[in-house]
Amino acid sequence: MGHGINAAATMGRLRTAVRTLADLDLPPDELLTRLDDTVHRLTDEDADVFDQVPTVVGATCLYALYDPVSRRCTMARAGHPPPLIIDAQGRVTIADLPAGAPLGLGLGLVPFESVELELPEGSLLAFYSDGLVESRGDDFDVGTNRLGAALAQPGSSLVDLCSQVIEALPTQAHPDDVTLLLARTRAFEPAQVASWDLPNEPAAVPAARRLAARRLGDWGLEHLVTTVELIVSELVTNAIHYGDGPIHLRLIQHQVLTCEVSDTNTSHPRPRHPRTLDENGRGLFLVAQLSRRWGSRCATDGKIVWAEQDLPSSASAR
């Protein structure tokens, strides 16, 4: 909200907050709720530091998560213009998302809402600021129609599309900032994903190890078998120990190898450093030591705990 050094500093703080919250794998609506709380807290802190009436801090935000396995995209917005979606044939639609109040201005009275969409492979997503589509002479609909027409060019590169959008802008100077972010969706091939349903019983642990080792062999990743077997063993054991429903194991080969174990328990794991004589608490510590990254996220009926392994460049290019 506004321009100048104060607005730039505020955006820097909010970007840092978004990155931190994103690492928690929060759903978009929950992330915006926490980000809104952060904006209110920044406003109050600035008022205390400078001993003055709080200056309203506001910002709009659109947050999206895309799953290349299911091809589903989950989005929520806080007062930001909805994205355009252009399919591979050049058809343009505007994502139907609840508007939400801008961050810092909604007083927490209206909750943010997430919407999940299934996107065909190769869909183009256009995220933009209102300065790109609104001007004194044109309203929002005219601007979005102009933007959609410029982007409905199947086969064009993202860079070329950005150039076409800028060239299509009216010649008069824009009083507001102009921002455009384009993304094209990709989907994983079925051969890149392996998944199994496991019973909630101790016998599932060695079975999960065997299934993972066999699939890694099929992918030519035998050098990762020992490490992944340990990770799978710990994650499945935790799912059995803390949950009471079915367990799902999934391996995904992309830029990295991702191992996911889902269960019906909604409590997220908390790592701790076990003491020398502790008999429990070593599983997640071991997973963290063996993984490139690891974490957990909410699922429809529980949670998913995941861990990543680096791949050789030849494997990750598949």
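Here the structure is a predicted model, which means the values were calculated and not measured. (Residues numbered from 1 in each chain as written. Predicted model: local features only at pLDDT ≥ 70, side-chain atom pairs only at ≥ 80, totals over all residues. Heavy atoms only, no water.)

Looking now at the nonpolar core. Membership of the largest hydrophobic core comes to 32 residues, with the highest contact counts inside it found for Leu-198, Leu-216, Val-232, Leu-235, Val-236, Leu-249 and Leu-257. Elements with a minimum of two residues in this core: strand 8 (193–198), helix 5 (204–218), helix 6 (225–242), strand 9 (247–253), strand 10 (256–263), helix 7 (283–290) and strand 12 (302–310). Top contributing element to this core by residue count: helix 6, with eight residues. If you look at the next biggest cluster of nonpolar residues, it comprises 17 residues, including Leu-26, Leu-31, Ala-59 and Leu-103. (Core = buried A, V, L, I, M, F, W, Y, C linked by side-chain atoms within 4.5 Å. Buried < 20%, exposed > 50% of the residue type's maximum accessible area, 1.4 Å probe, protein only. Helix = DSSP H or I, 4+ residues; strand = E, 2+ residues; numbered from the N terminus.)

Moving on, we come to the pattern of salt bridges. Scanning the entire structure with this criterion turns up twelve salt bridges. Glu-118 is paired through a salt bridge with Arg-71; the nearest N and O atoms lie 3.1 Å apart. On the criterion of sequence distance, the pair formed by Glu-118 in strand 5 (residues 115–118) and Arg-71 in the loop between strand 1 (61–67) and strand 2 (72–78) is long-range, its members being 47 residues apart. Overall, Arg-71 belongs to the partly exposed group, its relative accessible area being 27%. A salt bridge links Lys-303 to Asp-263; the shortest N-O distance between them is 2.9 Å. (Salt bridge = Lys/Arg side-chain N within 4 Å of Asp/Glu carboxyl O.)

On to helix 1 (residues 5–22). Helix length check: helix 1 (18 residues) gives 26 Å between terminal C-alpha atoms against 26 Å at 1.5 Å per residue, within 8%. Of the positions making up helix 1, those classed as buried are Ala-7, Thr-10, Leu-14, Ala-17, Val-18 and Leu-21. All buried residues of helix 1 lie within an arc of 100° about the axis, which places them on one face of the element. In helix 1, the exposed positions that point more than 90 degrees away from the buried face belong to Ile-5, Arg-15, Thr-16 and Arg-19. (Expected span 1.5 Å × (residues − 1). Arc of directions from axis to C-beta.)

Backbone hydrogen bonds are what pair the strands of a sheet, in a parallel or an antiparallel way. Taken in spatial order, the four strands make up an open sheet running 4-3-6-7, and their pairing is antiparallel. If you trace the sheet from one side to the other, it starts and ends with strand 4 (92–94) and strand 7 (180–184), each paired once. Taking the axes of each pair of neighbouring strands and ignoring which way they run, one obtains an average angle of 20° across the sheet. Here strand 3 (residues 84–86) pairs with strand 4 via three bridges, running antiparallel. Residue pairing for strand 4: Leu-84 is matched across the bridge by Ile-94. In the packing of helix 3 (residues 140–151) onto the sheet, the strands contacted are strand 3, strand 4, strand 6 (124–128) and strand 7, and the crossing angle to strand 6 comes to about 140°. Seen against the sheet, helix 4 (residues 158–167) touches strand 6 and strand 7 and runs at an angle of roughly 145° to strand 7. (Pairing = 2+ DSSP bridges. Axes fitted to C-alpha atoms, helices over the stretch in contact; angles between N-to-C directions. Contact = heavy atoms within 4.5 Å.)

Now for the pairing of strand 11 (residues 293–299). Side-chain direction in a regular strand flips from residue to residue, so the side chains alternate between the two faces of the sheet. Sheet analysis places strand 11 next to strand 12, joined by seven bridges and oriented antiparallel. Of the residues in strand 12, the one forming a bridge with Gly-295 is Trp-306. Between the end of strand 11 and the start of strand 12, which pair antiparallel, lie two residues.

What follows is about the side chain of Ser-233. Looking at the element boundaries, Ser-233 is found in helix 6. Of the polar contacts made by the side chain of Ser-233, one reaches the side chain of Arg-209; its length is 3.2 Å. Contact partners of Ser-233, with chain neighbours within four places excluded, come to Val-205 and Arg-209. (Polar contact = N/O pair within 3.5 Å; in protein donor to acceptor, adjacent residues only side chain to side chain.)

Next up on the list: the side chain of Lys-303. Among the secondary structure elements, Lys-303 is positioned in strand 12. Residue classification places Lys-303 among the buried residues on the basis of a relative accessible area of 6%. Polar side-chain contacts of Lys-303 include one of 2.9 Å to the side chain of Asp-263. Here the side chain of Lys-303 touches Ser-267 through a polar contact of 3.2 Å, landing on its backbone oxygen.

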